[in-house]
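# Topology and contacts: notes
One-letter residues, chain by chain:
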Amino acid sequence: MTDKPEPTFMSLTARQLPLDLPETPPRYDRASFVRADCNDAAWRAGEAWLKSSEPALVICGPSGAGKTHFAHALMEGLDAATLTADALAAAPYGDGLAIIDNMPAEDPRAFLAAFEGGASEGRRFLLVGEGHPGFWSGGLKDLRTRLEAAPRAILADPDEALIRAVIAKGFRDRQVAVSPAVIEYAVPRLPRTFVAARAFVALADRAALEEKRKITTPLVQKLLDNLSEGDPAA
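Before going into details, it helps to say that this report is about the structure given with it. (Residues numbered from 1 in each chain as written. Predicted model: local features only at pLDDT ≥ 70, side-chain atom pairs only at ≥ 80, totals over all residues. Heavy atoms only, no water.)

### What to know about the packing of helix α6 (residues 160-173) against helix α8 (residues 194-211)
Running from N to C, α6 and α8 point in directions that differ by 35°, and their axes come no closer than 9 Å. Judged by the twist between their axes, the crossing of α6 over α8 is right-handed. Of the residues in α8, those in contact with Leu162, Ile163, Val166, Ile167, Gly170 and Phe171 of α6 are Phe194, Ala197, Arg198, Phe200, Val201 and Ala204. By residue class, the composition of the contact of α6 with α8 is 10 nonpolar, 1 polar and 1 charged. (Axes fitted to C-alpha atoms, helices over the stretch in contact; angles between N-to-C directions. Helix = DSSP H or I, 4+ residues; strand = E, 2+ residues; numbered from the N terminus. Left-handed = near helix turned anticlockwise from the far one by under 90°. Contact = heavy atoms within 4.5 Å. Nonpolar A, V, L, I, M, F, W, Y, C, P; charged D, E, K, R; others polar.)

### Structural notes on the pairing of strand β5 (residues 124-130)
Within β5, 6 of the 7 residues are buried, leaving the element largely enclosed by the surrounding structure. Examined bridge by bridge, strand β2 (residues 56-61) and β5 share 6 bridges and lie parallel to one another. Residue pairing across strands places Cys60 opposite Gly129, the latter belonging to β5. In this region the chain leaves strand β4 (residues 97-103), passes through helix α4 (residues 108-120) and returns to the parallel neighbour β5; the handedness of that crossover is right-handed. (Buried < 20%, exposed > 50% of the residue type's maximum accessible area, 1.4 Å probe, protein only. Pairing = 2+ DSSP bridges. Right-handed = clockwise from strand over helix to strand, strands pointing away.)

### As for the pattern of salt bridges
Enumeration according to the criterion identifies 11 salt bridges in this entry. Its salt-bridge partner being Glu116, residue Arg146 comes within 3.6 Å of it at the nearest N-O pair. With Arg146 in helix α5 (residues 141-149) and Glu116 in helix α4, this pair connects stretches of sequence that are 30 residues apart. Of the charged contacts, one joins Arg174 and Asp205 as a salt bridge, the two residues approaching to 3.0 Å between their closest N and O atoms. Here the residue Arg174 occupies a position in the loop between α6 and α7 (180-186), and Asp205 occupies one in helix α8, the gap between them amounting to 31 residues. In this structure Arg174 comes out as partly exposed when scored by relative accessible area, which is 40%. (Salt bridge = Lys/Arg side-chain N within 4 Å of Asp/Glu carboxyl O.)

### Focus on the side chain of Asp205
By relative accessible area, Asp205 is classed as buried at 12%. There is a polar contact of 3.0 Å between the side chain of Asp205 and the side chain of Arg174. Every residue in contact with Asp205, bar those within four places of it in the chain, is listed here: Arg174, Val176 and Ile215. (Polar contact = N/O pair within 3.5 Å; in protein donor to acceptor, adjacent residues only side chain to side chain.)

The following block contains the structure:
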């Protein structure tokens, strides 16, 4: 798949559609996690790990595949802490479950020591990062062995079906009625990322409110015609 740039939407007019929308914190709850064919195997692997006694679950995949959301949704209701890999290496986590985001750690030896110390005391970790877990070891053989032996939930780039579901859910959450034909028009014309899907929902809703009209295919076409490639220096 050819990567597409993240979208920024140019204003239809300065009054109607401001370029900058207020930022809202990302929602990582289970209710906002959309299951689809492309992430179902990963979810089932996560559920199987929860029922096991394995000390670690590796969650890996490309940038933008929803790995952090997946980890938080899987852990919902289990009171899991969230740490970076470097934070775990610097100060070993003391209790229960922990999501270790942004693998790998800068100091693989310190990380391995903290991980093994925690595992020996019954602590359990979700290790989240991009790419193949073997590359997270920094050349440390013992860590590579640990990572490659751990159960794995692999998230792929979202497919069109998942992007379609994310957009539809976004409109439902906003209590905005949108024809399926509108979504079908938008999906193949957007970058295939969660960021693009959610930005599109927010901007379409804002444009419709500003223009006091429903979200229709002509309105969406106008929005997408004003989709820019963004600032290359950003």
